[in-house]
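Examining the three-dimensional arrangement
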Amino acid sequence: MVRKLLIEGQGVPERKVTPDARILHDLGVDGDDASEMFEALHERFGTDFSELNRQWPMFFNTEGASPRAILIGIFAVLVCGGAAGMLAAALDWPTVAAWALAIALLVCGGWLFSRWFGRELQPLTVAGLAEIVQAGSWPSDPADVR
């Protein structure tokens, strides 16, 4: 049931959907896609996912950017673009080199930011989700999710 939904509803390759596969980390189902999956499970099996709404940030990311993320992004563009522009001007580089440097700084900065300040989301396995569907509701204690 859960396996079939992941394959047919989410387009996850069949070979990847094993009992120990993690829905987000291994299969890449996140944000709106995960929300649609839980909605389909509720419609088909009546599983109560109301506790998941409270715990969502522990297991999945939200779709879209928050105002805070937008402000951080604008700040990052200004800092990286400014740094690249100053360095390119100091070294008398052409404009294209300044753009390439700015993009490289943004990518590297984003990677470092996610490593330093990112949060590790709790995994949910295919088998764990099947157990939740069979139980009829998402557990109130996140530690009970496997």
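The structure under discussion appears in the preceding block.
Residues numbered from 1 in each chain as written. Predicted model: local features only at pLDDT ≥ 70, side-chain atom pairs only at ≥ 80, totals over all residues. Heavy atoms only, no water.

Attention now goes to the nonpolar core. Among the nonpolar cores identified, the biggest contains 27 residues, and Phe38, Leu124 and Leu129 are the most heavily contacted of them. Going through the elements one at a time, helix H1 (2–9), helix H2 (31–45), helix H3 (50–59) and helix H6 (126–135) are the ones with two or more residues in this core. If we ignore the near neighbours within four places in the chain, the residues touching Leu124 are Ala21, Arg22, Ile23, Phe38, Phe59, Phe60, Leu129, Ile132, Trp138, Val145 and Arg146. (Core = buried A, V, L, I, M, F, W, Y, C linked by side-chain atoms within 4.5 Å. Buried < 20%, exposed > 50% of the residue type's maximum accessible area, 1.4 Å probe, protein only. Helix = DSSP H or I, 4+ residues; strand = E, 2+ residues; numbered from the N terminus. Contact = heavy atoms within 4.5 Å.)

Looking only at H1, the buried set comprises Val2, Leu5 and Leu6. Projection of H1 onto a plane perpendicular to its axis shows the buried side chains occupying an angular sector of 100°, all on one side. Where H1 is buried, its residues meet H2 and H6. Once H1 ends, the next one or two residues include Gly11, with phi positive near 75°. (Arc of directions from axis to C-beta.)

We now examine the packing of aromatic side chains. Counted by the stated rule, this structure contains 7 aromatic pairs. When the centroid spacing of 6.4 Å and the interplanar angle of 55° are considered together, the rings of Phe49 and Trp138 count as tilted. Within this pair, whereas Phe49 is found in the loop between H2 and H3, its partner Trp138 is found in the segment after H6, the two being separated by 89 residues in sequence. Among the residues examined, Trp138 registers a relative accessible area of 3% and is labelled buried. Members of the aromatic cluster, connected to one another through ring pairs, are Phe38, Phe49, Trp56, Phe59, Phe60 and Trp138. (Phe/Tyr/Trp six-rings, centres within 6.5 Å; stacked < 30°, edge-to-face > 60°.)

Moving on to a negative patch on the surface. Among the surface-exposed residues, Asp32, Asp33, Glu36, Glu39 and Glu43 lie close enough to one another that they form a single negatively charged patch. Of note, Glu39 is situated in helix H2. According to the relative accessible area criterion, Glu39 is partly exposed, its value standing at 46%. (Patch = residues over 30% accessible without salt bridge, like charges linked within 9 Å, V, L, I, M, F, W, Y side chains within 5 Å. Areas by Shrake-Rupley, 256 points an atom, 1.4 Å probe, with all protein chains shown as cover. Salt bridge = Lys/Arg side-chain N within 4 Å of Asp/Glu carboxyl O. Lys, Arg positive; Asp, Glu negative; His and termini not counted. Charge placed at Lys NZ, Arg CZ, Asp CG, Glu CD.)

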